[in-house]
2 protein chains.
Amino acid sequence: MKKLLFISLSILMIGYAIAQPGPRREEEPLPEGYKPASTNTFLAQYPAVNAATRVAMFKVLAPTAQNVQVDLAGKKYDMVKDTSGVWTCTSDPQVVGFHYYAILIDGVAVMDRNSEAYFGSNWESAGIEIPEGPEGNYYLFNKDIPHGQVRSIHYWSDINGLERHINVYVPAEYEANPTKKYPVLYLVHGWGEDENGWSVQGHMANIMDGLIAAGKAVPMIVVMPSGDIKTNADVRVASGDVTDIYVQNLVPYIDKTFRTYTDREHRAMAGLSRGGFQTCRTVFPNIDKFAWMGTFSGFFVRDGNVLDAFDGVFKDAAAFNKQMNLFFISTGTEERNPKEMVETLKTHGINNIIFHESQGTAHEWLTWRRALNEFAPRLFKKN
Amino acid sequence: MKKLLFISLSILMIGYAIAQPGPRREEEPLPEGYKPASTNTFLAQYPAVNAATRVAMFKVLAPTAQNVQVDLAGKKYDMVKDTSGVWTCTSDPQVVGFHYYAILIDGVAVMDRNSEAYFGSNWESAGIEIPEGPEGNYYLFNKDIPHGQVRSIHYWSDINGLERHINVYVPAEYEANPTKKYPVLYLVHGWGEDENGWSVQGHMANIMDGLIAAGKAVPMIVVMPSGDIKTNADVRVASGDVTDIYVQNLVPYIDKTFRTYTDREHRAMAGLSRGGFQTCRTVFPNIDKFAWMGTFSGFFVRDGNVLDAFDGVFKDAAAFNKQMNLFFISTGTEERNPKEMVETLKTHGINNIIFHESQGTAHEWLTWRRALNEFAPRLFKKN
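Residues numbered from 1 in each chain as written. Chains lettered and ligands numbered in written order. Predicted model: local features only at pLDDT ≥ 70, side-chain atom pairs only at ≥ 80, totals over all residues. Heavy atoms only, no water.

Asks: What should I look at first to understand the pairing of strand 12 (residues 149-157) of chain B in this one?
Replies: By the bridge criterion, 3 bridges tie strand 12 (residues 149-157) of chain A to strand 12 of chain B in an arrangement that is antiparallel. In the sheet register, V150 of chain A faces strand 12 of chain B, and the bridge partner there is S152 of chain B. Here strand 12 of chain B runs beside strand 13 (residues 162-170) of chain B; their pairing, made up of 9 bridges, is antiparallel. Residue pairing across strands places S152 of chain B opposite N167 of chain B, the latter belonging to strand 13 of chain B. Adjacent in sequence and paired antiparallel, strand 12 of chain B and strand 13 of chain B are bridged by 4 residues, among which G161 of chain B carries a positive phi angle near 70°. (Pairing = 2+ DSSP bridges. Helix = DSSP H or I, 4+ residues; strand = E, 2+ residues; numbered from the N terminus.)

Asks: Is there a simple way to think about the domain arrangement of chain A in this case?
Replies: Residues and elements named next belong to chain A. Taken domain by domain, chain A holds domain 1 (34-131) and domain 2 (137-378). Computed over C-alpha atoms only, the centres of domain 1 and domain 2 are separated by 31 Å. Across the contact, 12 residues belong to domain 1 and 14 residues belong to domain 2. At the boundary of domain 1 with domain 2, total buried surface from both sides reaches about 990 Å², with 50% on carbon and sulfur atoms. Together, F98, F119 and N122 form the three largest contributors to the area buried by domain 1 at its contact with domain 2, with a combined 40%. Our enumeration of links across domain 1 and domain 2 arrives at 1 salt bridge. Notably, a salt bridge pairs E129 with R369, separated by 2.8 Å at the nearest N-O pair. Between the two partners, domain 1 and domain 2, sit 7 residue pairs in polar contact (both at pLDDT 80 or more). (Domains from an automatic or database assignment. Contact = heavy atoms within 4.5 Å. Buried area = accessible area lost by both parts, 1.4 Å probe. Salt bridge = Lys/Arg side-chain N within 4 Å of Asp/Glu carboxyl O. Polar contact = N/O pair within 3.5 Å; in protein donor to acceptor, adjacent residues only side chain to side chain.)

Asks: Explain the sheet that holds strand 2 (residues 48-50) of chain A here, please?
Replies: Strand pairing in a sheet is mediated by backbone hydrogen bonds. Such pairs are either parallel or antiparallel. Pairing within the open sheet is antiparallel, and its 5 strands lie in the order 1-2-3-7-6 (chain A). Each edge of the open sheet carries a strand with a single partner, namely strand 1 (34-36) and strand 6 (80-81) of chain A.

Asks: Can you walk me through the pairing of strand 14 (residues 184-188) of chain B in this structure?
Replies: For a regular strand, side-chain orientation follows a simple rule: the groups alternate between the two sheet faces. Residues and elements named next belong to chain B. The element strand 14 is extensively covered by neighbouring structure, given that 5 of its 5 residues are classed as buried. Along strand 14, one buried face is formed by V184, Y186 and V188 and the opposite face, lined by L185 and L187, is buried too. Bridge count for strand 14 against strand 15 (residues 221-224) is 3 bridges, and the pairing is parallel. By the bridge assignment, V184 is partnered in strand 15 with I221. Note that strand 14 and strand 16 (residues 267-272) share 5 bridges and pair parallel. Paired with Y186 across the strands is M269, a residue of strand 16. (Buried < 20%, exposed > 50% of the residue type's maximum accessible area, 1.4 Å probe, protein only.)

So, in structure tokens, the structure goes:
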């Protein structure tokens, strides 16, 4: 009886499916050494990754297409069609970590139906995680430690003239200590991504859970806002300034809604890429509100002019040192590197800089996971 | 100086974009009467909806494609290409509410790059919201009332052998009442969707916020689990039974993690489509744990056999009436209707049924938003 009911239900449901994605796990076994990427939808067998060789094999069901390619890490791979209309290719070895990619159907870039959606470059893109091995365990779920929560909240912003979505990480102990107050880190994404990036692509909750459980980081609240001025469908015109929204709308909302310390010594801000730029634009004019900051792949100033940048905030090194407890600057070794500017600032007498380089990575999420893992333990601790 | 920094940053960022989606709001004004769909990514001008005529105009940038179509509500629309490679079509008038759709690039169904991603039919699909007008205000954000939070949590399931993701809605007052306990509604999605469906496509937080603020519903916790057995990339083999996971892993985790009442009178379960079937499969064998239930477009039993279904749970009507405070059954008028089975059950003496029909809607989210809006106010209130 149960089986009959289930079959009848299944037939009904299939009627609502628009179409089916590519090959599924039921249909064929994976080649030796390959496993489905962790970034796939839960039924998708491909793309499959060989952890030893770091190559990825893609399959796309597209019987009516003339030409199908995979666009991954700056290279387009031609796919080959079999008699059932499934196109296949295998990539070169990839750098470990998370990468966006696209499928080109007759030259048109689209999302791979086998992938979960990852918002990047302002569209819902496919992504693939190349496993790093044990050194990447710090951003994976650890069942043996307590876990915080990422809370999805909409709050009203007068400046935006719209409700704005934020994600707020609270540490595992937050609910068990109903009178305890916490410091707050504001953590911003980069251009083309959104306020979900840090928890989805960045695995920030796993990183923070691990650091806090190990006693390496102080239990803290992490607020992840949008770095864009979004509008509603009735208006759809950008208004206001996102740094004003952070300071005038968001910080008061957080301090009203969560159990926070509200002084500058307990408030930090950091961001990746454009979010690092927004961090500078927010913190420097509001140095009475923030005492810790970080820019991950986001400290972009033309060489030589760094001492003039940001309205000359670095000119009085002693004043800057006194006010800012930490100025964390990080980069991947395979992207534009702010090393010379960091040297200039240090030579000038700025002594609160921690400079971190992620070896072998570019402008990508593994660089930023590593940055957060280095940055968070240094927050809210004065020597 | 700021402008220079920003330009230099922008150029750097553009280098990382794989490709650009279709026409943007900057590029051309919308035709009279059209507004961007609320389901678009925040920069996308199209699809645009005419609220008066309920038609949608789609645009897709695909200069290299031979043929592009939109697949919406069971009909394929041929698109027409202009000299810049942008394809356009306008749909027939649509039923109000949320609909999935696909773009066909030379016959291959893909996601529209202008849409946010909505997980349905087991892939990240495009979706479009046709505005309902004032009668749909109950599922929109209301800035003048307090708002709950949807918490994203991973918990360990021994049965699944994996961490499982849940979303948990807590009412706005939850944090302000640190010793108060709450009843719990377990709310399940349907086939092909996931645990985010109720909060994303369903706008459940707006619905619950409104009902609670108006005093229509009791403040409650709403737990939204996955209805699928997901596996990890290392195993990727389904194991266990999802109804066992609900009862043996999830309920104890929720009662340990949140301030809940743990008796059956304060625990409800409901689900849409397959989730309604899972609700029956979970609640009937565990009637000591649940006293309220709902199936939204999910009460599927072959006509005539309803009294034999689910191991004969309905046979002793008096016993069923005594144990179950509410058996809510709902449907859209444009889908398979369980009306006759409801009549059979009522004639048989089952007197705790509330039957709700959503006028003019099919197996779709507007049916289920309306169902939740009718169901939630009846929970945890005994006459």
